[in-house]
Amino acid sequence: MKKLLSKIFLLGAILSFGCAEDYLDTLPTDAVSENAVFTTTQNAMTALNGIHRSMFIRYDSQGQPGEGGVMIMREVLGEDVVMTGIANGWFVSMSRWLNHVNENSGDVRFAWRFYYKIIGNANMIIANIDNAAGPQSEKDEIKGQALAYRAWAHFNLVQLFAERYQAGGNNGQLGVPLVLEPITEGGARNTVEEVYTQVNADLDAAIALLDEGRNAKSHINVNVARGIKARVALTQGNFAQAATLANQARQGFDLMSASQLYEGFNNVDNPEWMWGSKQIDDQQTFFASFFAYMSVNFSSTNIRGNPKAINSSLFAKISPTDARKGLWDPNAGTAALRDPFIDEVTLSSFAKRNFMNRKFVAQANASSVGDVPYMRASEMILIEAEALARSGNGAQAAQVLFELASQRDPEYVLSTNTGAALIEEIMTQRRIELWGEGFRFYDLKRLNLPLDRNGANHVATVINSKFEEPAGTPNWQFKIPIAELNANDKMVQNPS
């Protein structure tokens, strides 16, 4: 880690902006010292804005657009997002379960480097902000956001690169190195329990410093910090805490209307979006964009030849009166039957495949611009409902689920399911609602469920007949990148 850390942590806070290789966008010169960056809260906020922007910039390749790139990886590793063609190959090897278990893969290097970059730059802020000149309220906001980012990044790393957290176990299995200060030497892997303990400590500190105010939805406020902690609590099986935090997190955010479901999932101004990256025209990232791979309409080779579709078995579970049913077209492959919207927003050169999505819509055929969703109020409702159901509060869980499901489907009635059947209903609603937003691999892993792509519309030649993966195998852990192993003699590789 020495090589990677030195570049990320020491240079991260002083690099100039405008280049895809920049690690933190701050001041318009690379001759500014670290001390100058943190002289004032105004400068420190500029450094924090660099972290916000680093969430969606291009990294080593066009398939690595920050968090959006890892979100796609987490989806194609699951069963609900279907790759309908090979096209130019992006994310195909990941969908085949080949890339994430290859220590030489650029994708594992990217995921590792991306999240540690967030941590390194957050650490620079945390270490220096107390001595900056400026109002205490601004120091608190900046430090609170940096702590939340550090927690969020460690949480993602431990879910990708370590064995799953086992509620009730000692969780002494190898996690990832905790990095809590600006350093250049890589350390040994902390245990999974130690990582989760630190993640929770950072989130508690962030929640204590933050309030509802913020400059934009790309920033983290107390609602978002509570939402992240609700995710952590759910993963750890702390269901009472998860339900409480998710409820608190979503206060002040209204669910979108049925018509707003069809606006393209590309606008942070949507009332239920709690956190997301705002992308503007002069920050066009072209093919290095979430929408360059997941949208229905951006004219990339990948989308033209590989429109992303929903698992047909999951689609069949959506009620005909549910507004979300129209976010995918089961008849797109037949011109006379398909949704006219698909012909309206795509070009004649685009492949039209059954069950393809129209959920994500880019700005235009020639523009991959679109805001990327990281947290929505509907997710918090689903966390609350799941946590209540798993803790035995079925009636309350059903009532919470009704709040979301009845908004999406006017014919939905309060569920009478109990126990396992209610939990299954909630999880089905979760799969439908959060399709394509980066949750499915994490859900399968945290629940110790197998991958099962059988009986649906997955194409054997695209996924190389990767239809199954038993729960709990070593393949559920990303391999540590070879660059990290070579640079850090304390690092231990995951088993094969």
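The structure reproduced in this document is the subject of the present report. (Residues numbered from 1 in each chain as written. Predicted model: local features only at pLDDT ≥ 70, side-chain atom pairs only at ≥ 80, totals over all residues. Heavy atoms only, no water.)

Side note on the pattern of salt bridges
- Under the defined criterion, the tally for this structure stands at 29 salt bridges.
- A salt bridge links R431 to E79; the shortest N-O distance between them is 3.7 Å. Pair noted here: R431 is in helix α17 (residues 419-433) and E79 is in the loop between α4 (67-76) and β1 (81-83), with a separation of 352 residues, a long-range link. Of the two residues, R431 and E79, neither departs from the other in class, the shared state being buried. (Salt bridge = Lys/Arg side-chain N within 4 Å of Asp/Glu carboxyl O. Helix = DSSP H or I, 4+ residues; strand = E, 2+ residues; numbered from the N terminus. Buried < 20%, exposed > 50% of the residue type's maximum accessible area, 1.4 Å probe, protein only.)

Describing the pairing of strand β6 (residues 372-376)
- Within β6, five of the five residues are buried, which leaves the element mostly enclosed by the surrounding structure.
- Relative to β6, strand β2 (residues 273-277) runs antiparallel, the two sharing four bridges. Considered in β6, the bridge of W273 is made with R376. (Pairing = 2+ DSSP bridges.)

So, helix α9 (residues 222-236)
- With 15 residues, α9 extends 21 Å from end C-alpha to end C-alpha; this agrees with the ideal 21 Å at 1.5 Å per step.
- Of all 15 residues in α9, 14 are buried, a share of seventy percent or more.
- Sitting at the head of α9, N221 places a side-chain oxygen 3.1 Å from the backbone nitrogen of N223.
- Within two residues after α9, G237 carries a phi angle of roughly 80°, on the positive side. (Expected span 1.5 Å × (residues − 1). Polar contact = N/O pair within 3.5 Å; in protein donor to acceptor, adjacent residues only side chain to side chain.)

Thoughts on the packing of aromatic side chains
- Going through the model one piece at a time under the given rule, you end up with 29 aromatic pairs.
- Seen from their ring centres, Y59 and F114 are 5.5 Å apart, and the 75° between their planes marks the pair as edge-to-face. Taken together, the positions of Y59 in the loop between α3 (41-54) and α4 and F114 in helix α6 (residues 106-128) put the pair 55 residues apart, joining distant regions of the chain.
- When the ring of W328 is compared with that of W435, the centres are 5.5 Å apart and the planes differ by 80°; the resulting orientation is edge-to-face. With W328 in strand β4 (residues 328-329) and W435 in the loop between α17 and α18 (440-446), this residue pair connects regions lying 107 residues apart in the sequence. In this pair, the class of W328 matches that of W435, namely buried.
- Positioned above the aromatic ring of F315, the side-chain terminus of K325 is 4.3 Å from the ring centre. (Phe/Tyr/Trp six-rings, centres within 6.5 Å; stacked < 30°, edge-to-face > 60°. Lys NZ or Arg CZ within 6 Å of the ring centre and 35° of its normal.)

Focus on the nonpolar core
- Counting 141 residues, the largest nonpolar core has F114, Y149, W152, L160, F161 and W275 as its most contacted members.
- The next biggest cluster of nonpolar side chains, apart from the first, holds seven residues, and it includes V296, A332, I342 and V345. (Core = buried A, V, L, I, M, F, W, Y, C linked by side-chain atoms within 4.5 Å.)

A word on the packing of α6 against helix α7 (residues 136-161)
- The interhelical angle for the contact between α6 and α7, taken along N-to-C directions, is 155°, at an axis separation of 8 Å. On the basis of their axis angle, the class for α6 and α7 is roughly antiparallel. Taken as a pair, α6 and α7 cross one another with a handedness that is left-handed.
- Counted by class, the contact of α6 with α7 contains 20 nonpolar, three polar and two charged residues. (Axes fitted to C-alpha atoms, helices over the stretch in contact; angles between N-to-C directions. Parallel < 35°, antiparallel > 145°, perpendicular 65-115°, else oblique. Left-handed = near helix turned anticlockwise from the far one by under 90°. Nonpolar A, V, L, I, M, F, W, Y, C, P; charged D, E, K, R; others polar.)

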